[in-house]
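Residues per chain, in single letters:
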Amino acid sequence: MVDDSTRKTLSNIPLLQIRAGPREKDIWVQRLKEEYQALIKYVENNKQSGSDWFRLESNKEGTKWFGKCWYMHNLLKYEFDVEFDIPVTYPTTAPEIALPELDGKTAKMYRGGKICLTDHFKPLWARNVPKFGIAHAMALGLAPWLAVEIPDLIEKGVITYKDNC
């Protein structure tokens, strides 16, 4: 089911151990530390392999995340805002990643620009609680969604290239 490239990417993202969400204030900080370490490692790996494709930051509590993601298509960089909140039942419940500016532009999206991860990613997440975290959601959720949806949206003329110079 998982191709070699995905398996390699996944093996290079550290697995998390602490099972805590925002409601467990005392151990949530430890979980956040693990999240940041995994994200840093994933971004470093992406940069080394020439496949850097997102930037994320969070509020002080680590409950709201936001940043940019981009997809290269025909040598053009398509950039989008990305955002998500950490659910109160995290890590049992995966975050719902949103690309607000694409809201309503594809059937594989919910209200507010939340990308559809129900069929493929959420069952995988459920089998890997608490080992999966934000880096895994980006690698196994958003990255494949972008790879499938963005070229299709470009071909259909739904999104067009914006020169950011």
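Residues numbered from 1 in each chain as written. Predicted model: local features only at pLDDT ≥ 70, side-chain atom pairs only at ≥ 80, totals over all residues. Heavy atoms only, no water.

Note the following rule: UniProt positions are given in the numbering used here, feature names are shortened, and annotations may be inferred rather than shown by experiment.
Going by UniProt, the chain carries the name Ubiquitin-fold modifier-conjugating enzyme 1 and comes from Drosophila virilis. What the UniProt record of the chain gives under Function is the line "E2-like enzyme which forms an intermediate with UFM1 via a thioester linkage." In UniProt, the chain has this text filed under Sequence similarities: "Belongs to the ubiquitin-conjugating enzyme family. UFC1 subfamily."

1. Remarks on the overall build of the chain
Stated precisely, the cut-off is as follows: We count a stretch as a helix when DSSP gives it H or I for four or more residues in a row; a strand needs E for two or more, and each element gets its number in order from the N terminus. It is over C-alpha atoms that the radius of gyration is taken, and the globule rule equals 2.2 Å times the number of residues to the power 0.38. For each residue, the accessible area found with a 1.4 Å probe, counting protein chains only, is set against the maximum for its type, and the residue is called buried under 20%, exposed over 50%, and partly exposed in between. The contact rule is simple, with two residues in contact once any of their heavy atoms fall within 4.5 Å. Under this rule, positive means Lys or Arg and negative means Asp or Glu; His and the chain ends count for nothing. A charged residue contributes its charge at one atom only: NZ of Lys, CZ of Arg, CG of Asp or CD of Glu.
Across its full length, the chain holds 4 helices and 5 strands. For a compact globule of 165 residues, the expected C-alpha radius of gyration is about 15 Å, and the chain comes in at 16 Å, within 12% of that figure. In terms of overall dimensions, the chain has C-alpha extents of about 50 × 35 × 35 Å along its principal axes. The buried share of the chain, reckoned over its 165 residues, is 42%. Long-range contacts, defined as pairs at least 24 residues apart, comprise 51% of the intrachain contacts of the chain with a sequence gap of at least 6. Separation of charge centres in the chain, based on 23 positive and 22 negative side chains, amounts to 4 Å.

2. Comments concerning the packing of aromatic side chains
The condition that has to hold: Pairing of aromatic rings covers Phe, Tyr and Trp, the last through its six-membered ring, and needs centres within 6.5 Å; plane angles under 30 degrees mean stacked, over 60 mean edge-to-face, and all others mean tilted. Think of it as a cone above the ring: NZ of Lys or CZ of Arg counts as a charge over the ring if it is within 6 Å of the ring centre and within 35 degrees of the ring normal.
Summed over the entire model, instances satisfying the criterion amount to 9 aromatic pairs. Note on tyrosine 36 and tryptophan 65: the rings are 5.3 Å apart at their centroids and 40° apart in plane angle, and the pair reads as tilted. With a gap of 29 residues between them, tyrosine 36 in helix α2 (residues 25-48) and tryptophan 65 in strand β2 (residues 64-73) connect regions that are remote in the sequence. For tyrosine 36, a relative accessible area of 35% puts it in the partly exposed group. Take tryptophan 65: its relative accessible area is 2%, and that puts it in the buried class. Residues tryptophan 125 and phenylalanine 132 carry aromatic rings whose centres are separated by 6.3 Å and whose planes lie at 70° to one another, so their mutual orientation is edge-to-face. Residue classification places tryptophan 125 among the buried residues on the basis of a relative accessible area of 1%. Residue classification places phenylalanine 132 among the buried positions, given a relative accessible area of 3%. Here the aromatic cluster, defined as three or more aromatic residues joined through ring pairs, consists of Trp28, Tyr90, Phe121, Trp125 and Phe132. Over the ring of tryptophan 70 we find lysine 77, and its NZ or CZ is 4.4 Å from the ring centre.

3. Some points on the pattern of salt bridges
Any two side chains of opposite charge can pair, so long as their charged atoms come close to each other. Rules: Any Lys or Arg side-chain nitrogen located within 4 Å of an Asp or Glu carboxyl oxygen qualifies as a salt bridge.
Considering all chains together, one arrives at 11 salt bridges under this definition. For aspartate 4, the salt bridge goes to arginine 7, with nearest N and O atoms at 3.5 Å. Taken as a pair, aspartate 4 and arginine 7 lie in helix α1 (residues 4-11) at a separation of 3 residues, close to a single helical turn. With relative accessibility at 62%, the residue aspartate 4 sits in the exposed group.

4. Side note on the sheet that holds strand β3 (residues 76-85)
What counts, and what does not: In this analysis, strands are considered paired if DSSP registers two or more bridges between them. To get an axis, fit a line to the C-alpha atoms, keeping to the stretch in contact for a helix; angles then go from 0 to 180 degrees between the N-to-C directions.
Ordered in space as β1-β2-β3, the 3 strands form an open sheet in which the pairing is antiparallel. Edge positions in the sheet fall to β1 (54-58) and β3, since each has one partner strand and no second. Neighbour-to-neighbour, the strand axes of the sheet open up by a mean angle of 15°, direction not taken into account. Judged from the 10 bridges that link them, β2 and β3 form a sheet pairing that is antiparallel. Counterpart to tryptophan 70 in the pairing with β3 is glutamate 79. Sheet strands touched by α2: β1 and β2. Its angle to β1, the strand with the most contacts, is close to 165°. Its contacts with the sheet put helix α4 (residues 134-155) on β1, β2 and β3, and the angle it makes with β2 is roughly 45°.

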